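Spelled out, the chains give:
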Amino acid sequence: MAKYQQLLIYTFIVLSTFSTYAQLKGKIIDEQGIPLEYATAALFNQNDNSLITGVITDLNGVFLIEDLKSGTYYLEASFIGYDVKKISDITYTTKTVKNLEPIQLTLGNQLNEVVIKGERATVINKIDRQVFDAQKFKNAQGGTGVDVIRNLPSVSIDAQGEISVRGSSGFMVLLNGKPTQGNTSALMAQLPANAIERVEVITAPSAKYDPEGKAGIINIITKKGATDGVYGQLNIKGGLPSIETYDNDKYHQRYGIDATYNIRNEKWNISLGANYQRNDLGGRREGDVYTIINDTITQFPSTGERSFDEVNYNGRLTVDFTPDSTNTFSLGFFAGKRSKDRLADIVYYNNNARTPADNVNSFRTFQYYNHNLRIRKSDFALGSFDYEHIFKNDARLSTSFLYEYTLLGGPTVSQNLGEPDRSILYQDEYNTNDNPLNGVRLQADYRFKPFTFGTLEIGYQFRNLNHTGDFVYERRTDYNDPFQLVPEFSSEVDLKRNINSAYIQFSGKSKQWNYAAGARIEAMNRTLELRDKANTVDTTYTYDFTKIYPSASLQYAVSERANIKASYSKRVERTPTFKMNPFPEREHSETLEQGDPTLKPEFIDLIELGITQKLKGGNSIFATAYFRNVKNVVNRVNTIYNDTILNRIYSNVGTAKAIGLEVGAQLKATQNWSNFLGANIYNYNIDGSFDNQPINTEATVYSINLNSTYNFWENASLQFTFNYLSERITAQGEDSRFYAPNLTFQKSFLNDRLTATLQWQNIDMGLLDTNEQRITTYRPNEFYTTTNYVYEVDMILLNVAYTFKNGKNKAKFIDSEFGKREF
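Visitor: Hey, could you run me through the overall build of the protein in this one?
Guide: Summing up its helical and strand segments, the protein has four helices and 48 strands in all. Across the 823 residues in the protein, those meeting the buried criterion constitute 52%. Taking the intrachain contacts of the protein between residues at least 6 apart in sequence as the baseline, contacts between residues at least 24 apart amount to 68%. Accessible surface for the protein amounts to roughly 36300 Å². Of this, 55% is attributable to carbon and sulfur atoms.

Pasting the structure below:
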């Protein structure tokens, strides 16, 4: 068997070294160095001016013309609204590969001498992804990555800030094509919206990508350029005082500053970046809970503050060195701090108990006040080193190394006090943790073209995670007494996980067909060690598996304006440490939260069938039908801890199926008025069991994202956005609808060097139920809990951005691979 493997590898190397015909490769850019996708490169015979062939550029502005015979040619590069550029005397005498210098196009003039500027599309549909232009979403300016992706058709964000793609919160985030393992919301909150060039949604990824993420991949591409020189940009954001204070304990603040400095020449590209964001959010919550134990019902309604104070700041450095056209070295560093404080000061009024449960008279009535402050902090530092080599036959070898250290932690304080006399202490609880995380990723990829009809990619990846934690839970009933350890709630946790994976991927095109197929094999070893401080007993849980993840995609061009495509991908959703820690944490007075050390990964099958249609006037529509099957689906479910406390547990509850339709449209009603509309509707079903009771829930869920822009004149615009999420089901209940309208006015000055953006977020005016969501869970004859979360509305912010130099930003920063997922 080993001999056959060696023969196969040798054959690939030989085939990748020799080419039957010559090749011509180039890149088309605009005046500012930005790659022009879908530009045309037409090759002609220089002797008789006959057309040899024509191709279009890819997302990076790159084109490749193959199967060229000996001769002399000229090339014409063109794009709508730009002058055609001609390159003559391209001569071939041998079977070689020529790499042209970047071809820069300039905006052209029509007969009336008016410059016609080509407008970039909001979305471009490709065989395996949708590509969205982040600059189109003006409501995100001065904000974070979260504000950008909330505009995408398949994305929805609820009142708790949880991001879902096609109804699933399990998806992977890439930053400039590099994998991250962080919590999605934390990752997006760290990244300034002004730094994002575009967002790629890859719902059925190929085998070359890590298989993690049941809903696929979101790839964030930061701004970059191709021209030499110096570039500097400064963005400052400030928020007006809150219009609605909700009687919160503090005034909430929103301000920030981010800056990027980039210097680039023929060989060096050095980028520095710094970011500080303060994003507080006011609000309140209204809840009602009851439990039934031995025919005694205990009910405890509540109301009070629920607000967030969030601070993020970091610094970044990247250095790229290109000594020649075939080698590139990249070094990156990223370090910073982040914290998010959630304050829930709640009055539990009319806390009563009745026996039997249907009795209207209470035998006990009680009320109290709970002060609950949960602080989450993370200090992090990471570095990466990348290398890429391009061979003479255009084959590419890429290697990457990343190391990350993150110190996660932060206490939760829960104090039950008297009401209205809050000097009375009933119970004071303090639980904290320090859990450092070390992560390593090694990756190597090789891409070559052994055949004229396709490209072959092979690669290997190693990932190691070592996550330890010391969780301490303490309690006292008198301020004068010291805290006492609660051993049954305190623990030490040590998670070790190694993943080895390899893949092979083939892709190509022939006439109207584009095709890709591949497979990835992955071996995972997971060890979770727990030490119970009550008995100092070590318990070890192991989980190992080897699995193959196949993928395939096919696209057919019905015409120049219409494409149909089909794809399949097998995925996995791995379990983070906090969902496996079985020792409870006091999230609220009435809630404990814990994990399950025996949790299994979720395994997913994704199938898609889609169509795209370009219309006249730059308009377009697309529709994608999809089916997602999830085994071992993880949900957060409740059990009764005692008569006034529910216990939230993460558990594998069965199989979940979703069948849906995603649609989107770019519609330009007039020359100045453009619209982008996206919608997603799906039927969702969970079939399984928990705690020896069956689960069978089903519902139809939909979301709508509307983006409408009117340009008053060349440098001023008004944009209205509306995000709506319908009711959704969970394993034990449902979440209510959620919506948020926003209005943005933008004006640029000083030849577009200075841009001012005024935002009115979460429009309500006391007339709507904006930024509000009710979450309900129940189990018949056992418990019922419902909470309405009301968050801040009518927020006014001003963002000012100034560009100091004309050069384009080439900054391309690394980001967290491991720690943000746990944060």
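Visitor: What am I meant to see in unusual backbone geometry here?
Guide: Most of the time, phi is negative for any residue but glycine, and the peptide bond is trans. Residue Pro356 is bonded to the preceding Thr355 through a cis peptide linkage, with omega at -5°. With an omega of 15°, the peptide bond running from Glu419 to Pro420 counts as cis. Within the secondary structure, Pro420 sits in the loop between β26 (412-418) and β27 (425-451). Here the phi dihedral of Asn762 falls at roughly 55°; this positive angle occurs in a residue that is not glycine. With respect to the element layout, Asn762 can be found in the loop between β45 (754-761) and β46 (772-779).

Visitor: Help me understand the nonpolar core, please; the structure alone is not making it clear to me.
Guide: Soluble globular proteins tend to pack their nonpolar side chains together in the buried interior. Core analysis: the largest hydrophobic core is formed by 25 residues, its most contacted members being Val148, Ile149, Leu152, Val155, Val199 and Ile218. Breaking this core down by element, the ones donating at least two residues are α2 (145-149), β11 (155-157), β12 (163-165), β13 (172-175), β15 (196-202) and β16 (217-222). Each residue touching Val148, except ones within four places of it in the same chain, is listed here: Ala134, Phe137, Ala140, Ala193, Ile196 and Val199.

Visitor: Teacher, can you tell me more about the sheet that holds strand β3 (residues 51-56) here?
Guide: Read across the open sheet, the four strands follow the order β3-β2-β5-β6; overall the sheet is antiparallel. At either margin of the open sheet sits one strand with a lone partner, and together these are β3 and β6 (85-92). The sheet shows a mean angle of 20° between the axes of neighbouring strands, taken without regard to direction. By the bridge criterion, five bridges tie strand β2 (residues 40-45) to β3 in an arrangement that is antiparallel. From the neighbouring strand, Ala42 faces β3, where its bridge partner is Gly54.

Definitions and cut-offs
- Here the residue numbers are simple positions, counted from 1 along each chain's written sequence.
- It should be noted that, the model being predicted, local features are given only for residues of pLDDT at least 70 and side-chain atom pairs only at 80 or more, the latter also being counted only at that level, while totals for whole chains, interfaces and linings use all residues.
- Side-chain numbers come from the whole structure's heavy atoms, not from hydrogens or water.
- A run of H or I in DSSP counts as a helix once it spans at least four residues, and a run of E counts as a strand once it spans at least two, with each numbered from the N terminus.
- For each residue, the accessible area found with a 1.4 Å probe, counting protein chains only, is set against the maximum for its type, and the residue is called buried under 20%, exposed over 50%, and partly exposed in between.
- Any two residues whose heavy atoms approach within 4.5 Å are treated as being in contact.
- Residue burial considers only the protein chains on display, and all accessible areas are found by Shrake-Rupley using a 1.4 Å probe.
- To define a nonpolar core, start from buried Ala, Val, Leu, Ile, Met, Phe, Trp, Tyr and Cys residues and group those joined through side-chain atoms within 4.5 Å.
- Being paired, for any two strands, means DSSP has found at least two bridges between them.
- Lines are fitted to the C-alpha atoms to define the axes, a helix being fitted only along its stretch in contact, and any angle between axes, read from their N-to-C directions, falls within 0 to 180 degrees.

Such coordinate-based values are descriptive only and should not be taken to indicate function.
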